[in-house]
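# Architecture at a glance
Now for the letters of each chain:
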Amino acid sequence: MSKIKICVLVSGGGTNLQALIDAQNSGILMSGEIALVISNRADAFALERAKKAGIPCEVVLKQEYQECFEARITELLEQNGIDLIILAGFMCILSADFTARFHNRIINVHPSLIPAFCGKGFYGLKVHQAALDYGVKVTGATVHFVNEIPDGGKIIMQKAVEIKEGDTPEILQRRVMEQAEWHLLPAAAELVCRKLRNGEEL
Ligand code: GAR
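Conventions and cut-offs
- Residues numbered from 1 in each chain as written.
- Predicted model: local features only at pLDDT ≥ 70, side-chain atom pairs only at ≥ 80, totals over all residues.
- Heavy atoms only, no water.
- Helix = DSSP H or I, 4+ residues; strand = E, 2+ residues; numbered from the N terminus.
- Buried < 20%, exposed > 50% of the residue type's maximum accessible area, 1.4 Å probe, protein only.
- Salt bridge = Lys/Arg side-chain N within 4 Å of Asp/Glu carboxyl O.
- Near = heavy atom within 4 Å.
- Polar contact = N/O pair within 3.5 Å; in protein donor to acceptor, adjacent residues only side chain to side chain.
- Areas by Shrake-Rupley, 256 points an atom, 1.4 Å probe, with all protein chains shown as cover.
- 1 Å grid on protein atoms, 1.4 Å probe; cavity = no way out; pocket = protein on both sides within 12 Å on 5 of 7 lines; lining within 4 Å.
- Points joined across faces, edges and corners; volume = space filled by probe spheres on them.
- Nonpolar A, V, L, I, M, F, W, Y, C, P; charged D, E, K, R; others polar.
- Pairing = 2+ DSSP bridges.
- Axes fitted to C-alpha atoms, helices over the stretch in contact; angles between N-to-C directions.
- Contact = heavy atoms within 4.5 Å.

## Here we look at the overall build of the protein chain
Across its full length, the protein chain holds seven helices and seven strands. Taken from the N to the C terminus, the helices and strands of the protein chain come in the order β-α-β-α-β-α-α-β-α-β-α-β-β-α. Considered along the principal axes of its C-alpha atoms, the protein chain spans approximately 50 × 40 × 35 Å. In the protein chain, which comprises 202 residues, the proportion classed as buried is 48%.

Given below as structure tokens:
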């Protein structure tokens, strides 16, 4: 049976993309294959990671496409026969039209235990800063389906990570990535791809 074709959407460093590439190489991700990487930034280091792994990549800039930004992404997804979209540090909020069109076909990794520290304005280091400001002792990461509510779709997997005395947002971000995101995202991607392949309920 053919593999689920995955497109990974990125904006930055791409360590989560790297975790997916590594999982594909080690066989942890076996029901799907990364067929395309799309970045909304021309200088995203994630693009270098994709190129090194021999994965086709595209840059779609909002400044260039403006109101046709999502239409261009949709065109690329369709041209490449993409079945599943993975948001891996993609720092754009997708419209309700887009998320409805790809219902249960978009997953996202978020660096907190949803419903804490999520939604509009909570991305990257800001999430970890908010967790530290609040003083929670445990945070983590969540992989969820994407719907019209930012970080509001059905949760697929979560993993808790301890917050330690003296943590800075940067130190905490690294721990959450190492202990949660880089394992959780490939595991959730494999789970969703396997279910899609087998026609199981998501
Ligand atoms: C990751 O921590 C990811 O969870 C977060 O941005 C970082 C991207 O790092 N995403 C969000 O905050 C989305 N709301 P990466 O480019 O190295 O994968």
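What follows continues from the structure just given.
## Some remarks on the pattern of salt bridges
Scanning all chains against the criterion turns up six salt bridges. With a closest N to O distance of 3.1 Å, R41 and D43 form a salt bridge.

## Some details on the site of the ligand
Lining the immediate surroundings of the ligand are 15 residues, of which G14, T15, N16, G124 and E181 lie closest. Within the backbone of G13, a nitrogen or oxygen atom sits 3.4 Å from an oxygen atom of the ligand. With respect to the ligand, the side chain of E181 contributes an N or O atom lying 2.6 Å from an oxygen atom. Here the ligand has 450 Å² of accessible area as a free molecule, and 93% of this is covered by the chains.

## Quick word on the layout of surface pockets
The computed volume of the largest pocket comes to approximately 720 Å³. Elements represented by at least two residues in the lining of the largest pocket include exactly α1 (15-26), β5 (106-110) and α7 (169-198). When the residues that make up the lining of the largest pocket are grouped by side-chain class, the tally is 15 nonpolar, 16 polar and five charged.

## Here we look at the sheet that holds strand β7 (residues 155-162)
The strand order across the open sheet formed by seven strands is β3-β2-β1-β4-β5-β6-β7, and the pairing between neighbours is mixed. Sheet topology places β3 (57-59) and β7 at the edges, where each strand pairs with a single neighbour. Looking at each pair of strands side by side, their axes are set apart by 20° on average, direction ignored. Bridge count between strand β6 (residues 138-145) and β7: seven bridges; the pairing is antiparallel. By the bridge assignment for β7, V138 is matched with E162. Across the sheet, helix α2 (residues 45-52) is in contact with β1 (4-10), β2 (32-39) and β3; its angle to β3 comes to roughly 155°.

## Remarks on the pairing of β5
With five of five residues buried, β5 is to be regarded as a mostly interior element. The alternating pattern of β5 places I106, N108 and H110 and I107 and V109 on opposite faces, both of which are buried. Pairing of β5 with β6 involves four bridges; the strand directions are antiparallel. Residue pairing in the sheet places N108 in a bridge with H144 of β6.

## Examining unusual backbone geometry
The omega angle of the peptide bond from I114 to P115 is 20°, so this bond is cis rather than trans. Relative to the helices and strands, P115 is located in the loop between β5 and α6 (125-134). Phi at Q66 is positive, roughly 45°, even though this residue is not glycine. Among the secondary structure elements, Q66 is positioned in the loop between α3 (62-65) and α4 (69-79). Unlike most non-glycine residues, F117 shows phi in positive territory, near 50°. Position of F117 among the secondary structure elements: in the loop between β5 and α6. Taking relative accessible area as the criterion, F117 reaches 16% and is therefore assigned buried.

None of the figures reported here should be taken as evidence of function without further support.
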